[in-house]
Amino acid sequence: MKKNLVVYYSRTGNTKAVAEAIHEALKGPKEILPLDKVIGLSGHNIIFIGFPVQSHSVPYAVEAFLKNIPAGQKIALFSTHGSLPGDRLSREAVEHAAILAGGAKVMGTFTCRGKVSLPALEVLAKSPEHEAWADMAASASTHPDASDLEDARSFARWVSTLAAHHQA
């Protein structure tokens, strides 16, 4: 039986916490690894790939990883961000990630807020073009919270069910 793989890139711990919640919710054989520890991408049922939205986009390390996913591989994308839920910038980052994955089958996407580091907020608040975003991002300081993590677990169960109905 193929196992599910949860891969994450996290700098502050937000994306790692969401990855752990997703991993916890998955049934059957499964594995969780930070992005830099992944060796092979074949032989997996679903690969859940998580990243923080940085500079309104996908971090470079994640871009390179996504470009190497085999065509036809089932994936699910998740991200953490400082924006308000449903904000255009967080949606665009996940959409960009799906495009980078090329021929992979995107089974679903999930985003939630995550606290932004204080040094990053301080730098952004000094920049006129980022001042409003920095104010908005400051309100993400308690995320991901218990509700966000439960939503991530629900996402994992939903994607698993969906993938089971779309066997290759």
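Since the model is a prediction, treat every value here as computed from it, not as a measurement.

A few words now on the nonpolar core. Counting 23 residues, the largest nonpolar core has Ile49, Phe51, Phe65, Leu66, Ile69 and Ile75 as its most contacted members. For this core, the secondary-structure elements that each account for two or more residues are β1 (3–8), β3 (44–52), α2 (60–67), β4 (74–81) and α3 (88–100). At four residues, the largest contribution of residues to this core is made by α3. By size, the runner-up hydrophobic cluster in this structure holds 21 residues, among which are Val6, Cys112, Ala152 and Ala156.

Turning to the pattern of salt bridges, a few remarks are in order. The tally for this structure, following the rule as stated, stands at four salt bridges. Among the ionic pairs, Arg153 bridges to Glu24, the shortest N-O distance being 3.7 Å. Of this pair, Arg153 sits in helix α6 (residues 146–165) while Glu24 sits in helix α1 (residues 14–25), and the two are 129 residues apart along the sequence. Here Arg153 falls in the buried class, since its relative accessible area comes to 16%. The exposure class of Glu24 is exposed, given its relative accessible area of 53%. The closest approach of N and O atoms between Arg153 and Glu150, which form a salt bridge, is 3.1 Å. Linking Arg153 with Glu150, this pair stays in helix α6, spanning three residues, or about one helical turn.

Look at α1: 17 Å from first C-alpha to last across twelve residues, which is about the 16 Å you get at 1.5 Å a residue. All buried positions along α1 are accounted for by Asn14, Thr15, Val18, Ala19, Ala21, Ile22, His23 and Ala25. If you follow the buried residues of α1, they end up packed against β1, β2 (30–34), β3, β4, β5 (105–113) and α6.

With that settled, the discussion passes to the confidence of the model for the protein chain. Confidence along the protein chain averages 86 in pLDDT terms, with 86% of residues attaining 70 or more. Across the protein chain, the secondary-structure element scoring lowest on mean pLDDT is helix α5 (residues 131–138), at 66, and the one scoring highest is α1, at 96.

Moving on: the sheet that holds β3. Strand order in this open sheet of five strands is β2-β1-β3-β4-β5, and the pairing throughout is parallel. With partners counted over all chains shown, the strands left at the sheet margins are β2 and β5, one partner each. Put simply, the sheet's adjacent strands are angled 15 degrees from each other on average, direction ignored. Inspection of the sheet shows β1 paired to β3 by five bridges, in the parallel sense. Bridge pairing in β3 places Lys3 opposite His44. Those strands touched by α2 are β1, β3 and β4, and its axis lies near 160 degrees from that of β3.

Calculation criteria
Residues numbered from 1 in each chain as written. Predicted model: local features only at pLDDT ≥ 70, side-chain atom pairs only at ≥ 80, totals over all residues. Heavy atoms only, no water. Core = buried A, V, L, I, M, F, W, Y, C linked by side-chain atoms within 4.5 Å. Buried < 20%, exposed > 50% of the residue type's maximum accessible area, 1.4 Å probe, protein only. Helix = DSSP H or I, 4+ residues; strand = E, 2+ residues; numbered from the N terminus. Salt bridge = Lys/Arg side-chain N within 4 Å of Asp/Glu carboxyl O. Expected span 1.5 Å × (residues − 1). Contact = heavy atoms within 4.5 Å. pLDDT = per-residue confidence, 0-100. Pairing = 2+ DSSP bridges. Axes fitted to C-alpha atoms, helices over the stretch in contact; angles between N-to-C directions.

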